[in-house]
Amino acid sequence: MRNYTTETEPAPVVSPWVDELLPGLIEFRRDLHAHPELSFKEFRTTDKLAERLEAAGLKPRRLEGTGLTVDVGEGPIATALRGDIDALPIIEETGLPFASKNHGVTHACGHDVHTTAMLGIALTLQRMHKNNPLGATVRIIFQPAEETMPGGALSCIEQGVLEGVPRILALHCDPRINVGQIGTRIGAITSASDTIKIELSGRGGHTSRPHLTEDLVFALAQIAVNVPAVLSRRVDVRSGVSVVWGQISAGSAPNAIPGTGYMAGTMRCLDRDAWHSAGELLDDVVRQVAAPYGVDVHLEHTRGVPPVVNSEHETALIEASARAELGENAVVLTPQSMGGEDFAWFLADLPGAMMRLGTHTPGGEEYDLHRGDFIVDERALGYAIRVLTAAALRTIRDLEQ
């Protein structure tokens, strides 16, 4: 196995192959941005991808519903690359001329960039293959429904997208990193993420006589405060278990204890093993905290995704490719994110890595993901294609040795 951490030999120069394609790819990305589609409803996106791939002489395989895969080259698979294609139920506030035409839906997480980057990689590799056979195959996976829990990756895996695949690579936009740079880290780069929904019901009544009621407002408050506290004492603190509530609602009058209440939030965790143990504890802890108040508890705990854990070899592969294509200062260490990412399911049985793609314009306005005003520096698209195409070519070269 090649040691990429000490590699000094020149790498293939990808830039000339990409530059001719970039204007058309930017136009394609803007079209996707203007027509975002929610999870498992990415029908137009899938059709547009299939059209472009088929026009290049490729034979994409459609997945059930939405999404597709395409193999470029011939021979054994050297690597797979994955890009997610869905958008978010957020109102766009960018003011861009190609802003979303689908009101209430927008690409606020950069998946239009991910999708177009993977298309660009496929087209670039196909041009290279026609010029000089690659000698191996690169599989591109256009995955639907990353923004759902537990994610569309599981459906893709069930449909055999990883058959014969020795490793898999991916990217994610990062507005904290300057354009022209990528962020990497060995080990966990994202966190586990679950969704928690709790409904309480009980005998309501007048606030002057709470002892004659099952005071579920007070019970909701105790759950909100004590469940995170208990978990912090039952699970290794180094695992970073975090329960945060996003919704709490009950009642309609200041002097009436209601008969129903609702709360919802997320549980996130830095460590895969701790995610399993905290998940098993959570349900019992919620019921134990609520028990003294006599309320009925209906708990919906949706196990989401484990952390994305980058393997050392594949991380070094991406870093070497980035330095060769973008320069020695192209790679920065990125912190572990508390966000969830279903790319983790692809890494359950395969080595692989996800890189963070810098989308911030140096000196420009700062944005964040999952916001209606999120804007990327479009130069990031070309950098993404160059780095991951170079990485794919290196895996092909490894097979030849």
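The structure we're discussing is the one just above.
Residues numbered from 1 in each chain as written. Predicted model: local features only at pLDDT ≥ 70, side-chain atom pairs only at ≥ 80, totals over all residues. Heavy atoms only, no water.

**Points about the overall build of the chain**
Check the secondary structure of the chain and you find nine helices and 16 strands. Since a compact globule built from 401 residues should have a radius of gyration of about 21 Å, the 24 Å found for the chain is in line with a globular shape. The principal-axis extent of the C-alpha atoms belonging to the chain is close to 80 × 45 × 45 Å. Sequence-distant contacts in the chain: of pairs separated by 6 or more residues, those separated by 24 or more amount to 82%. If you sum the accessible surface of the chain, you get close to 17000 Å²; carbon and sulfur atoms cover 50% of it. Across the chain, the centroid of the 35 positively charged side chains sits 1 Å from that of the 52 negatively charged ones. (Helix = DSSP H or I, 4+ residues; strand = E, 2+ residues; numbered from the N terminus. Rg over C-alpha atoms; globule rule 2.2 N^0.38 Å. Contact = heavy atoms within 4.5 Å. Areas by Shrake-Rupley, 256 points an atom, 1.4 Å probe, with all protein chains shown as cover. Lys, Arg positive; Asp, Glu negative; His and termini not counted. Charge placed at Lys NZ, Arg CZ, Asp CG, Glu CD.)

**Some thoughts on the packing of aromatic side chains**
Using the criterion set out here, one finds two aromatic pairs in the structure. Residues Phe-218 and Tyr-293 carry aromatic rings whose centres are separated by 5.6 Å and whose planes lie at 65° to one another, so their mutual orientation is edge-to-face. Pair noted here: Phe-218 is in helix α6 (residues 216-234) and Tyr-293 is in the loop between α7 (272-290) and β13 (296-305), with a separation of 75 residues, a long-range link. Their ring planes at 50° and their centres at 5.9 Å tell us that Phe-343 and Phe-346 sit as a pair that is tilted. Accessibility assignment for this pair places Phe-343 and Phe-346 in one class, buried. (Phe/Tyr/Trp six-rings, centres within 6.5 Å; stacked < 30°, edge-to-face > 60°. Buried < 20%, exposed > 50% of the residue type's maximum accessible area, 1.4 Å probe, protein only.)

**So, the environment of Pro-97**
Assignment of secondary structure puts Pro-97 in the loop between β3 (77-84) and α4 (111-131). Note on Pro-97: relative accessible area 81%, which makes it exposed. In this structure the C-alpha to C-alpha distance between Pro-97 and Glu-163, which are 66 residues apart in sequence, comes to 41 Å.

**Focus: the pattern of salt bridges**
Pairs can form between side chains of opposite charge once their charged atoms are near each other. Across all of its chains, the model carries 18 salt bridges by this definition. For Arg-30, the salt bridge goes to Glu-378, with nearest N and O atoms at 2.6 Å. Of this pair, Arg-30 sits in helix α2 (residues 22-34) while Glu-378 sits in the loop between β16 (352-360) and α9 (379-400), and the two are 348 residues apart along the sequence. Each member of the salt-bridge network shares a partner with another, and the members are Arg-29, Arg-30, Asp-112 and Glu-378. (Salt bridge = Lys/Arg side-chain N within 4 Å of Asp/Glu carboxyl O.)

**Quick word on α6**
Helix length check: α6 (19 residues) gives 25 Å between terminal C-alpha atoms against 27 Å at 1.5 Å per residue, within 8%. Of all the bends found along α6, the most pronounced is centred on Asn-226 and spans about 30°, while Pro-228, a proline, follows it within four residues. Here α6 has its buried residues at Leu-216, Ala-219, Leu-220, Gln-222, Ile-223, Ala-224, Val-227 and Leu-231. Taking the backbone nitrogen of Val-217 as reference, a side-chain oxygen 3.3 Å away marks Asp-215 as the first, capping residue of α6. (Expected span 1.5 Å × (residues − 1). Bend = angle between axes of the 7 residues up to and from the residue. Polar contact = N/O pair within 3.5 Å; in protein donor to acceptor, adjacent residues only side chain to side chain.)

**A look at the sheet that holds strand β6 (residues 182-184)**
Adjacent strands of a sheet pair through backbone hydrogen bonds, lying either parallel or antiparallel. Read across the sheet, eight strands follow the order β1-β2-β4-β3-β5-β16-β6-β15 without closing on themselves; strand pairing throughout is mixed. Every other strand in the sheet has two partners, leaving β1 (61-62) and β15 (331-333) as the edge strands with one partner each. Of the pairings in the sheet, the one linking β6 to β15 comprises three bridges and is parallel in character. Pairing of Ile-182 across the sheet is with Val-331, part of β15. In the packing of α4 onto the sheet, the strands contacted are β2 (68-73), β3, β4 (137-143), β5 (168-178) and β16, and the crossing angle to β3 comes to about 150°. (Pairing = 2+ DSSP bridges. Axes fitted to C-alpha atoms, helices over the stretch in contact; angles between N-to-C directions.)

**Some details on unusual backbone geometry**
What you tend to see is this: most non-glycine residues have negative phi, and most peptide bonds are trans. Cis geometry marks the peptide bond from Met-149 to Pro-150, where omega comes out at 5°. If you trace the backbone, Pro-150 turns up in the loop between β4 and α5 (153-158). Unlike most non-glycine residues, Phe-40 shows phi in positive territory, near 65°. The topology assignment puts Phe-40 in the loop between α2 and α3 (43-55).

**Focus: the environment of Ala-34**
By secondary structure assignment, the location of Ala-34 is in helix α2. Once the C-alpha coordinates of Ala-34 and Ala-188 are considered, the two residues, 154 residues apart in sequence, prove to be 33 Å apart. Sequence-distant contacts of Ala-34, defined by excluding residues within four places in its chain, comprise Phe-98, Ala-99, Ser-100, Lys-101 and Asn-102.

**Digging into the packing of α4 against α9**
Interaxial distance between α4 and α9 falls to 9 Å at its minimum, and their mutual angle equals 50°. Classified by the angle their axes make, α4 and α9 are oblique. Here α4 and α9 pass one another in a crossing that is right-handed. Contacts between α4 and α9 involve Val-113, Thr-116, Ala-117, Met-118, Gly-120, Ile-121, Thr-124, Leu-125 and Met-128 from the former and Leu-381, Ala-384, Ile-385, Leu-388, Thr-389, Ala-392 and Leu-393 from the latter. Here the contact of α4 with α9 is built from residues that sort into 12 nonpolar, four polar and no charged. (Parallel < 35°, antiparallel > 145°, perpendicular 65-115°, else oblique. Left-handed = near helix turned anticlockwise from the far one by under 90°. Nonpolar A, V, L, I, M, F, W, Y, C, P; charged D, E, K, R; others polar.)

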